[in-house]
Amino acid sequence: MTMSQTATEFDAKAAESGNKATERFKESGKRAGIDVPKERVSLLAREVLEAVYSTIREHKVTYAEYNALKEWLISVGEDGEWPLFLDVWVEHVVEDVATENRKGSKGTIEGPYYVPDSPAQNTPARLPRRDDEPGTELTWKGQIRDLDGNGLPGKVEIWHADGAGFYSQYAPGLPEWNLRGTVLADENGNFEIQTMRPAPYQIPTDGACGKLIAAAGWHAWRPAHIHVKVSAPGHELITAQLYFPGDAHNDDDIASAVKPELILDPKPAADGKGEEMVYDFILDPED
Ligand code: MBD
Ligand code: FE
């Protein structure tokens, strides 16, 4: 296969990932914001527009630039990339505000590629993978606890990209639940998950978000990461991502979602197979 064929194949996969996120969102039941009180809508809409007006005045935005923006905004919708755009450039602030009173573990953004109801397994669990799944073996041991240190018999929903940076159910050609699962902790909240270390992730570059990145001279990278939702009955669910030390993009994640508390400390595995790490989650009580 030539270089250009490889690039074309990659682009085709990338385009599909951004677009699928729109379909998933429509199915997800998250569209609950339609009963926001009109005073609140008016306040928020007015303030966002005021911010736009002041940027236009300060930088003397031209008609040519206004029309470039209009064309680009139309293409975000046509490419199905509103979820991608919002999760990359807006969600991190919403997450900060939503979790500012949390006493337990830090979380971060969900991003566009969560799929609910992944197949459940009891701990110790091995996530579904292909026979020839590329990359490094990774074993994660952890415990779910409450604020007083009591183990909670909860669960860890986990999803992440493969060794080439692709997510099952978004990039074509991967088995349906590849590197996704729901792992049930034991009665003391302990769990063990075997998976493969994910690769750094480049957001799709061939759609509207990619056009913005290229036009602005930014980069499209997120550091390698493992997504989780950790929950237990009577406790607040935590959505988080775990990162690897030394990743070139931990300090300039395009999605601004890295927090120092979320960086892992993997060590060579005791059994010689890849790496292992310990990382626990502490959940707040539900209010
Ligand atoms: C991802 O995998 C991701 O986690 C985010 C936040 C945005 C785009 C792709
Ligand atoms: Fe991700």
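Residues numbered from 1 in each chain as written. Chains lettered and ligands numbered in written order. Predicted model: local features only at pLDDT ≥ 70, side-chain atom pairs only at ≥ 80, totals over all residues. Heavy atoms only, no water.

## Quick word on the overall build of the protein
Logical step 1: Looking only at helices and strands, the protein has 6 helices and 13 strands in total.
Logical step 2: For 287 residues, the compact-globule estimate of 2.2 N^0.38 gives 19 Å, and the protein sits close to it at 20 Å.
Logical step 3: Reported as C-alpha extents along the three principal axes, the dimensions of the protein are approximately 65 × 55 × 35 Å.
Logical step 4: Of the roughly 15700 Å² of accessible surface on the protein, a fraction of 55% belongs to carbon and sulfur atoms.
Logical step 5: One way to put it: in the protein the 29 positive side-chain charges average out to a point 3 Å from where the 49 negative ones average out. (Helix = DSSP H or I, 4+ residues; strand = E, 2+ residues; numbered from the N terminus. Rg over C-alpha atoms; globule rule 2.2 N^0.38 Å. Areas by Shrake-Rupley, 256 points an atom, 1.4 Å probe, with all protein chains shown as cover. Lys, Arg positive; Asp, Glu negative; His and termini not counted. Charge placed at Lys NZ, Arg CZ, Asp CG, Glu CD.)

## Some words on the UniProt feature "domain: Catechol dioxygenase N-terminal" (unreviewed entry) in the protein
Logical step 1: UniProt marks residues 39–105 with the feature "domain: Catechol dioxygenase N-terminal" (unreviewed entry), using the numbering shown here.
Logical step 2: End-to-end, the C-alpha atoms of residues 39–105 are 34 Å apart, and along that stretch the chain is 79% helix and 0% strand. (UniProt positions renumbered as here; feature names shortened; annotations may be inferred.)

## A few points about the side chain of Ser-75
Logical step 1: Positionally, Ser-75 belongs in helix α3 (residues 63–78).
Logical step 2: Take Ser-75: its relative accessible area is 7%, and that puts it in the buried class.
Logical step 3: Of note is the side chain of Ser-75, whose polar atom sits 2.7 Å from the backbone oxygen of Trp-72.
Logical step 4: For Ser-75, the residues in contact, after removing those within four places along its chain, are Ala-208 and Lys-211. (Buried < 20%, exposed > 50% of the residue type's maximum accessible area, 1.4 Å probe, protein only. Polar contact = N/O pair within 3.5 Å; in protein donor to acceptor, adjacent residues only side chain to side chain. Contact = heavy atoms within 4.5 Å.)

## Some points on the coordination of the iron ion (ligand 2)
Logical step 1: In the first shell of the iron ion (ligand 2), the protein supplies Tyr-167 (OH), His-225 (NE2) and His-227 (NE2), at 2.0 to 2.1 Å from the metal.
Logical step 2: Mapping the donors of the iron ion (ligand 2) onto the primary sequence yields the spacing Y-x57-H-x1-H.
Logical step 3: Assessed through its relative accessible area of 3%, His-225 is described here as buried.
Logical step 4: Here His-227 falls in the buried class, since its relative accessible area comes to 3%. (Donors = N, O, S within 2.8 Å, 3.2 Å for Na, K, Ca; no water.)

## Side note on the nonpolar core
Logical step 1: Grouped together as the largest cluster of nonpolar side chains are 52 residues, with contacts concentrated most on Trp-140, Val-156, Ile-203, Val-228 and Phe-281.
Logical step 2: Among residues more than four places away in sequence, those in contact with Trp-140 are Val-156, Ile-158, Phe-191, Glu-192, Ile-193, Val-228, Leu-242, Met-277, Val-278, Tyr-279 and Phe-281. (Core = buried A, V, L, I, M, F, W, Y, C linked by side-chain atoms within 4.5 Å.)

## Things to note about the UniProt feature "domain: Intradiol ring-cleavage dioxygenases" (unreviewed entry) in the protein
Logical step 1: UniProt's feature table lists "domain: Intradiol ring-cleavage dioxygenases" (unreviewed entry) at residues 109–285, given in the numbering used throughout.
Logical step 2: Secondary structure within residues 109–285 divides into 5% helix and 33% strand; the distance between the first and last C-alpha atoms comes to 20 Å.

## Describing the environment of Asp-271
Logical step 1: Note that Asp-271 resides in the loop between β11 (267–268) and β12 (275–278).
Logical step 2: Asp-271 sits in the exposed class, given a relative accessible area of 56%.
Logical step 3: For the pair Asp-271 and Phe-85, spaced 186 residues apart in sequence, the C-alpha to C-alpha distance is 42 Å.
Logical step 4: A distance of 2.9 Å separates a polar side-chain atom of Asp-271 from the backbone nitrogen of Lys-273.

## Here we look at the pairing of strand β5 (residues 180–184)
Logical step 1: In terms of residue burial, β5 counts as a mostly covered element, since 4 of its 5 residues are buried.
Logical step 2: The pairing of strand β1 (residues 120–122) with β5 spans 3 bridges and is classified as parallel. Opposite Asn-122, over in β5, you have Leu-184 as the bridge partner.
Logical step 3: Two elements, strand β4 (residues 155–160) and β5, share 5 bridges in a ladder whose sense is antiparallel. Bridge pairing in β5 places Lys-155 opposite Leu-184. (Pairing = 2+ DSSP bridges.)

## Some details on the packing of α3 against helix α6 (residues 208–216)
Logical step 1: Put simply, α3 and α6 touch, their axes get as near as 8 Å, and they point 145° apart. Listed contacts from α6 to Trp-72, Ser-75 and Val-76 of α3 are Ala-208, Lys-211 and Leu-212.
Logical step 2: Among the residues forming the contact of α3 with α6, the class breakdown is 4 nonpolar, 1 polar and 1 charged. (Axes fitted to C-alpha atoms, helices over the stretch in contact; angles between N-to-C directions. Nonpolar A, V, L, I, M, F, W, Y, C, P; charged D, E, K, R; others polar.)

## Looking at the packing of aromatic side chains
Logical step 1: Across all of its chains, the model carries 13 aromatic pairs by this definition.
Logical step 2: Plain terms: the ring middles of Trp-89 and Trp-218 are 6.0 Å apart, the flat faces sit at 55° to each other, and that makes the pair tilted. Placement of Trp-89 in helix α4 (residues 82–89) and of Trp-218 in the loop between α6 and β8 (221–222) is noted, with a sequence separation of 129 residues between them.
Logical step 3: Overall, Trp-89 belongs to the partly exposed group, its relative accessible area being 21%.
Logical step 4: On the basis of relative accessibility, which here comes to 48%, the residue Trp-218 falls in the partly exposed class. (Phe/Tyr/Trp six-rings, centres within 6.5 Å; stacked < 30°, edge-to-face > 60°.)

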